[in-house]
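Here are the chains, one letter per residue:
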Amino acid sequence: MSKQLNVALIGNPNTGKTSVFNALTGLNQKVGNYPGITVDKKQGSCRLSRGLKAHILDLPGTYSLNASSLDENVVIELLLNKNDKDYPDVAVIISDVENLKRNLLLFTQVKDLKIPTILVINMSDVMVRKGISLDIKVLEQKLHTKIALVSTRKNTGIEALKDLIENYRTLPKEQCLDASTIDPDYFKRLKSAFPNQDLYKLWLVITQDVNFGKISRQELDVLEFKTKSTQELKRLQQKEAIKRYQFINNVLKEGQIIDRSKATDLRSKLDRILIHKVWGYVVFFIVLLSIFQAIYDWATVPMDLIDTTFAGLAEWVKTTFPNGGKITDLIAEGIVSGIGGVVIFIPQIAFLFLFISILEESGYMSRVVFLMDRIMRRFGLSGKSVVPLISGTACAIPAVMATRNIELWKERLITILVTPFMTCSARLPVYLIIVALVIPEGYIFGLNYQALTLMLLYLIGFGMAVFSAFILDRVMKSKRKTFFVVEMPSYKLPLLKNVFITVVEKTKTFVLEAGKIILAISIILWVLASYGPGKEFNNANRIVTENYNGTSQDELDDKIASYQLEHSYIGIIGKTIEPVIKPLGYDWKIGIGLVASFAAREVFVGTLATIYSVGSASENENIDTIKSKMANEKYPDGRPVFTFASGISLLLFYAFAMQCMSTLAVVKRETKSWKWPLVQLVGMSTIAYVSALIAFQFLK
Amino acid sequence: MSLSIADLKKGEQGIITDSSSRNIPLKLLEMGCLPGNKVKLLQLAPFSDPLYLDINDSFLAIRKDTAALILIDKIG
């Protein structure tokens, strides 16, 4: 086995750590999870000279070794545990030339853990523009390290960094600061209590409890040690930070010159517009509009293509595989259309992440957070809730995952709970067909009624999200005080490579996460619809043929399929719940659609298509056929099933109901309990039922 | 009664004198919000909250209630 070198990339957020990771590993990277938690674990490999291979771990961004979130805790856990298989042989600290002072705080902490450490100063290409000059020799000597001056944008310095990694054994090991000077007496007692342990490591373990308290300590039990009160420890931590900054300021006084007169200030120029009281919101509104335009307009082209491809594939399976077999049916109707149901969302999800990653890379997202915080806070949310809420219009799954950087748990939880009210793309097919069915064509003030209804549905979703956040904020008790710190990074042109990798990675995660569930549900649905108990189901063929003598073979086939469905397991379920949904204006067939939709909303149209026996109806050209069949659907006494009243009731039900197993699964994972997904399921479905009931009873 | 960052007007600067309140997150201290460091109020969001600051050459936004806990001496 060749010797593998463990390298850990550590750095503040917004330093281009991921760019360095991408530059070192190229596409030799994979994203996984740390065991038991949902923090992304990004690792890759990098070839050095002499056949040596480096295993590169891109640790979550952190400002220091004092964790205040799950992501940051990962960094500390790893650096404190020498037995971890990923424990770094060498730590590479990524810093940004513009924020060297702040970035060095983390550097000195890692250094004091006596881990061989290389300092990367990234974005060196902007040095001249910002009037910064560095004396690398002096910095290396004062910081006891080796420095690689890197520009991921210009692609310089990466080879030098690889050389440094390869020769990590020659790195100086001196500490930057003797932490024990902040309270010599305390550290002396600590030393005598644990003579075999590294002092700074002990200190970090003790203080983790102050902030986060999740550190595992198999090897040292500091609880026995008579420690100080939380407030005293915090004071000491502040003292430590002050000492570190004193050290850093002294180093930079000799090693860095900043000539501010040479700096061209893009930041203040852009900020003047982008966070202006009026223009800021105008720009944000335009940005939002473009995102929607992309998701709902541009994405339809590839989506239609995917749709036809999968419909064709299902048809091909049916004609090529042994005819009439259950297996053929399962593959064609269950599996192929199930996979198609996942793949169809890829364009929208990819577009969404394209925009979000551009907004984040450019530094604009922090400005949105800044602009929106005060408004969102009125509703118990945070400025940082804006990103998840926007993401929620594509899909709630990545949106819920995007809540992770909201520090305050209550604000984060409320964001998670209300995000599914946002109109996700899975609701769109349902909205489209029902709006087309019950809303008349026509114009008011030059605006199309149907388009207006659709827009209203989006607003209703957003309104309900904000309203329930407001209620939740009143109901839930908060344990902690406000905690909101947003870094306002410099504006940068997004790096294409980073954007591309983000889009690919996030889309892949979505397909795998949601895909599994949607596929499984499709198969279950197929089974429930294809089998039934008793004589009616099994003898459908004979019964229908006897009753409808003389009709054409095609029509007869349709009738048989629909008779079978009525007596299949799922048909029985639909019939059973009919009394409950009758007051909302639905019949048992819609009931089947509803039941199926609790797995995933997007199956509604497909299910109705099967029920109204128009065959594989996910094809666009068939929408009209389903529509006309639905329009002609009548109760036994001749009243139409789909009226204005029942249509509106159905729209409201879909706007509010929690009908997505994948989201529930993600919420369970993010909140670590079944309590919150259950609250969502029951709460949202109740709201949906009640509002649909009121709408139908009022309008009918 | 001493001044806090929340008392600054747009464009004004101060020197931090005390940031030891228990309700100031450690993260903020680590970003340079420490006694002796300079702070400048760059911009205010609508409704004067949050505040966009330059603290010790770090650019960050904090809410008004946190800003009110960080005591300063005004300069300039």
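Residues numbered from 1 in each chain as written. Chains lettered and ligands numbered in written order. Predicted model: local features only at pLDDT ≥ 70, side-chain atom pairs only at ≥ 80, totals over all residues. Heavy atoms only, no water.

## Here we look at the overall build of chain A
Cut-off, in case you're wondering: What counts as a helix is a DSSP run of H or I of at least four residues, what counts as a strand is a run of E of at least two, and both are numbered from the N terminus. The buried label goes to any residue with under 20% of its type's maximum accessible area, the exposed label to any with over 50%, and the partly exposed label to all in between, with areas taken from a 1.4 Å probe on protein chains only. By definition, residues are in contact when any of their heavy atoms lie within 4.5 Å. Only the protein chains shown count as covering a residue, and every accessible area follows the Shrake-Rupley method with a 1.4 Å probe. His is not counted, nor are the chain ends; Lys and Arg add positive charge and Asp and Glu add negative charge. Where a charge sits is defined by one atom per residue type, namely NZ (Lys), CZ (Arg), CG (Asp) or CD (Glu).
Check the secondary structure of chain A and you find 30 helices and 12 strands. Overall, chain A is about 95 × 60 × 50 Å in size when its C-alpha atoms are taken along their principal axes. By the burial criterion, 54% of the 700 residues in chain A qualify as buried. Counting only contacts in chain A whose residues sit at least 6 apart along the sequence, the fraction spanning at least 24 positions is 72%. Carbon and sulfur atoms form 61% of the exposed surface of chain A, whose accessible area is close to 31400 Å². Between the centroid of the 81 positive side chains of chain A and the centroid of its 64 negative side chains there is a distance of 8 Å.

## Considerations on the interface of chain A and chain B
How we decide: By definition, the buried area sums, over both parts, the 1.4 Å-probe accessible area that each loses when the two are put together. A pair is scored as a salt bridge if a Lys or Arg side-chain nitrogen falls within 4 Å of a carboxyl oxygen belonging to Asp or Glu. Distance and chemistry together define a polar contact, namely a pair of N or O atoms within 3.5 Å, with one atom able to donate a hydrogen and the other to accept it when in protein, and with adjacent residues in sequence counting only for side-chain atoms on both sides.
With 45 residues of chain A at the contact, the number on the chain B side is 34 residues. Of the roughly 3600 Å² buried between chain A and chain B, counting both surfaces, carbon and sulfur atoms make up 56%. One can count 4 salt bridges joining chain A with chain B. The residue A:Arg377 makes a salt bridge to B:Asp49 at a minimum N-O spacing of 3.0 Å. Where chain A meets chain B, there are 16 residue pairs in polar contact (both at pLDDT 80 or more).

## Some remarks on the environment of A:Gly446
Residue and element names in this part refer to chain A. Structurally, glycine 446 can be placed in the loop between strand E10 (443-444) and strand E11 (447-448). You can call glycine 446 exposed: its relative accessible area is 63%. Placed 39 residues apart in sequence, glycine 446 and valine 485 show a C-alpha to C-alpha distance of 46 Å.

## Thoughts on a positive patch on the surface
Note the following rule: Exposure above 30% relative accessible area and no salt bridge define the residues that can form patches, which grow by joining like charges within 9 Å and nonpolar side chains of Val, Leu, Ile, Met, Phe, Trp and Tyr within 5 Å.
Taken together, A:Lys269, A:Arg272, A:Lys277 and B:Lys10 make up a surface patch of like positive charges. Relative to the assigned elements, B:Lys10 resides in the loop between strand E1 (3-4) and strand E2 (13-18). When its relative accessible area of 57% is taken as the criterion, B:Lys10 is described as exposed.

## Some details on helix H5 (residues 158-166) of chain A
Among the residues of H5(A), those classed as buried are A:Ile158, A:Leu161, A:Lys162, A:Leu164, A:Ile165 and A:Glu166. At its buried positions, H5(A) is contacted by strand E1 (4-11), helix H1 (17-25), strand E3 (40-47), strand E5 (90-96), strand E6 (117-122) and strand E8 (146-149) of chain A.

## Re the sheet that holds strand E12 (residues 485-487) of chain A
Threshold: We call two strands paired when DSSP finds no fewer than two bridges between them.
The strand order across the open sheet built from 7 strands is E12(A)-E5(B)-E4(B)-E3(B)-E2(B)-E6(B)-E1(B), with neighbouring strands paired in antiparallel fashion. Edge strands, defined here as strands with exactly one partner in the open sheet, are E12 of chain A together with E1 of chain B. For E12(A) and strand E5 (residues 58-62) of chain B, the ladder comprises 3 bridges, and the chain directions are antiparallel. Bridged to A:Val486 within E5(B) is B:Ala61.

## Some words on the domain arrangement of chain A
What counts, and what does not: Domain delimitation in this document rests on an assignment produced automatically or drawn from a domain database.
The assigned domain composition of chain A is domain 1 (4-170) and domain 2 (279-475). Once you take the C-alpha centre of each, domain 1 of chain A and domain 2 of chain A turn out to be 36 Å apart.

## Brief notes about a nonpolar patch on the surface
Residues and elements named next belong to chain A. Taken together, the side chains of Ile273, Val278, Trp279, Val282 and Ile286 define a hydrophobic patch exposed on the protein surface, amounting to about 470 Å² of accessible area. The leading source of residues in the nonpolar patch is helix H10 (residues 279-298), at 3 residues. Considering the arrangement of structural elements, one finds isoleucine 273 in helix H9 (residues 266-274).

## Some thoughts on the pairing of strand E3 (residues 38-44) of chain B
Residue and element names in this part refer to chain B. Pairing of E2 with E3 involves 3 bridges; the strand directions are antiparallel. Note on E3: the bridge partner recorded for glycine 14 is valine 39. Sheet topology places E3 next to strand E4 (residues 51-55); 5 bridges connect them, and they run antiparallel. Bridged to leucine 41 within E4 is leucine 53. Remark: 6 residues form the turn of the hairpin made by E3 and E4, two consecutive strands paired antiparallel; phenylalanine 47 in that turn has positive phi of roughly 65°.

## Some details on unusual backbone geometry
Residue B:Pro50 is reached from B:Asp49 by a cis peptide bond, and omega for that bond is -5°. Positive phi, close to 60°, is recorded for A:Lys114, a residue that is not glycine. Within the secondary structure, A:Lys114 is located in the loop between helix H3 (100-112) and E6. For A:Lys114, a relative accessible area of 46% corresponds to the partly exposed category. The phi dihedral of B:Ser48 is positive, around 60°, even though this residue is not glycine.

## A short note on the packing of aromatic side chains
In plain terms, the rule: Two rings belonging to Phe, Tyr or Trp (six-membered ring only in the last case) form a pair when the distance between their centres is within 6.5 Å. Interplanar angles under 30 degrees mark stacking, angles over 60 mark edge-to-face geometry, and anything in between is tilted. Put simply, a charge is over a ring when the Lys NZ or the Arg CZ is close to the ring centre, within 6 Å, and near the line of the ring normal, within 35 degrees.
This structure, assessed with the given rule, holds 10 aromatic pairs over all chains. Between the aromatic rings of A:Phe370 and B:Tyr52, the centroid separation amounts to 5.7 Å while the plane-to-plane angle is 65°, which identifies the pairing as edge-to-face. Taken together, the residues span two chains, with A:Phe370 in helix H14 (residues 364-377) and B:Tyr52 in strand E4. Aromatic rings pair up to connect A:Tyr586, A:Phe604, A:Phe653 and A:Tyr654 into one cluster. Between A:Arg267 and the ring centre of B:Phe59, over which it is positioned, the NZ or CZ distance is 3.4 Å. Sitting above the plane of the A:Tyr491 ring, A:Arg367 keeps its charged end 4.1 Å from the centroid.

## A closer look at the pairing of strand E4 (residues 53-58) of chain A
Residues and elements named next belong to chain A. A large share of E4 lies buried, amounting to 5 of its 6 residues. As paired strands, E1 and E4 are joined by 6 bridges and run parallel to one another. Along E4, the bridge assignment pairs leucine 5 with alanine 54. Bridging between E3 and E4 involves 6 bridges; their strand directions are antiparallel. Along E4, the bridge assignment pairs serine 45 with histidine 55. The turn linking E3 back onto E4 is made up of 5 residues, and arginine 50 within it adopts a positive phi angle of 55°.

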